[in-house]
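# Survey of secondary and tertiary structure
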Amino acid sequence: MLNTRFGIEIEFTGVTREKAAEIAASVLGGRVEYEGTYYRTYAVFTPDGRKWKFMSDGSIDCQRKENGRKVCASSEYSVELVSPILTYREDIEKLQETVRELRRNGAFANSSCGIHVHLDGKGHDARSIRNFINIIASKNDLFYKALQINPERARFCQKMDARLVETMNRRKPRTLAKIEDIWYAGYSESRNQHYHHSRYHFLNLHSFFTGNHTVELRGFNSELHAGKIRSYIVLALALNH
């Protein structure tokens, strides 16, 4: 289970993207470069050749602390940490220390922020994907209660579609191509669209079907508590396993 490769996206505010990248670089021993693009990204290049990105996200309610109070802030305070490909045993300590340093330097998550864990989909077949869907669907209410998903984030991590689950279990598709057809049924947009509306579920298979071959779990409120983030990652790895 712990050998599975994963990536994580952590949304937060309280510091600017440039400051967040500088903090991460100090922990990871990397260098910062401004890449710009639509997401106004700062990248941290580490000695092992990997890249950590600090990007803007329009769904984040930007804030900063002033005299101990949280006040509104500019869009420079919209930060999404996007990790490179990680493995638990090799990288969890570096990730946790990066999170701790961000928190020590004023970063925080509010109710608009989320965490997404991306899991290597290698090894999944039609049966295991059907099992994954049913695990999430059968425990929908339990996950939402246990993880205390913020209501304002619910539209970005909806419960499993009852229609999809019913169709899947009635037809029992034996190929990934047939599961893909069921996943996208009812949507008018192109399957190749990056921000396809099917992705906004607790379990997102859009990235699995469109080239990256990763399974995404989106049902986590953002945190800058290193222990809780580790727990989220372990839960995601266990569900995938």
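Calculation criteria
Residues numbered from 1 in each chain as written. Predicted model: local features only at pLDDT ≥ 70, side-chain atom pairs only at ≥ 80, totals over all residues. Heavy atoms only, no water. Pairing = 2+ DSSP bridges. Helix = DSSP H or I, 4+ residues; strand = E, 2+ residues; numbered from the N terminus. Expected span 1.5 Å × (residues − 1). Buried < 20%, exposed > 50% of the residue type's maximum accessible area, 1.4 Å probe, protein only. Arc of directions from axis to C-beta. Contact = heavy atoms within 4.5 Å. Core = buried A, V, L, I, M, F, W, Y, C linked by side-chain atoms within 4.5 Å. Polar contact = N/O pair within 3.5 Å; in protein donor to acceptor, adjacent residues only side chain to side chain.

### Re the sheet that holds strand 1 (residues 6–12)
Strand order across the open sheet formed by eight strands is 2-3-4-7-1-8-10-9, with antiparallel pairing between neighbours. In this open sheet, the two strands that pair with only one neighbour each are strand 2 (31–36) and strand 9 (203–204).

### With respect to helix 8 (residues 226–240)
Since the α-helix packs 3.6 residues into each turn, any two residues three or four apart lie on the same face. Counted at 1.5 Å a residue, the expected span for helix 8 with its 15 residues is 21 Å, and the 21 Å between its end C-alpha atoms agrees. For helix 8, the complete set of buried residues consists of Ala226, Ile229, Tyr232, Ile233, Ala236, Leu237, Leu239 and Asn240. For helix 8, the arc enclosing every buried residue in end-on projection is 165 degrees, short of the 170-degree limit, so these residues lie on one face. Against strand 1, helix 2 (88–104), strand 8 (114–120), helix 3 (126–138), helix 4 (140–147) and strand 10 (214–221) lie the buried residues of helix 8.

### A look at the nonpolar core
In this structure, Ile10, Phe12, Phe54, Leu95 and Leu217 are the most contacted members of the largest nonpolar core, which totals 61 residues. Ranked by residue count, the leading element in this core is helix 8, at seven residues. Setting aside residues up to four positions removed in sequence, leucine 217 forms contacts with Ile115, His116, Val117, Leu119, Phe132, Ile136, Phe202, Leu203, Ala236 and Leu239.

### Looking at helix 3
Here helix 3 spans 18 Å end to end across 13 residues, near enough to the 18 Å set by a 1.5 Å rise per residue. By the burial criterion, the buried members of helix 3 are Ala126, Ile129, Arg130, Phe132, Ile133 and Ile136. The buried residues of helix 3 occupy an angular sector of 155 degrees when the element is viewed end-on, so they sit on one face. Helix 3 presents Arg127 and Ser138 as exposed residues on the side facing more than 90 degrees away from its buried surface. Near the N-terminus of helix 3, the side chain that reaches the backbone nitrogen of arginine 127, with its oxygen 3.2 Å away, is that of aspartate 125.

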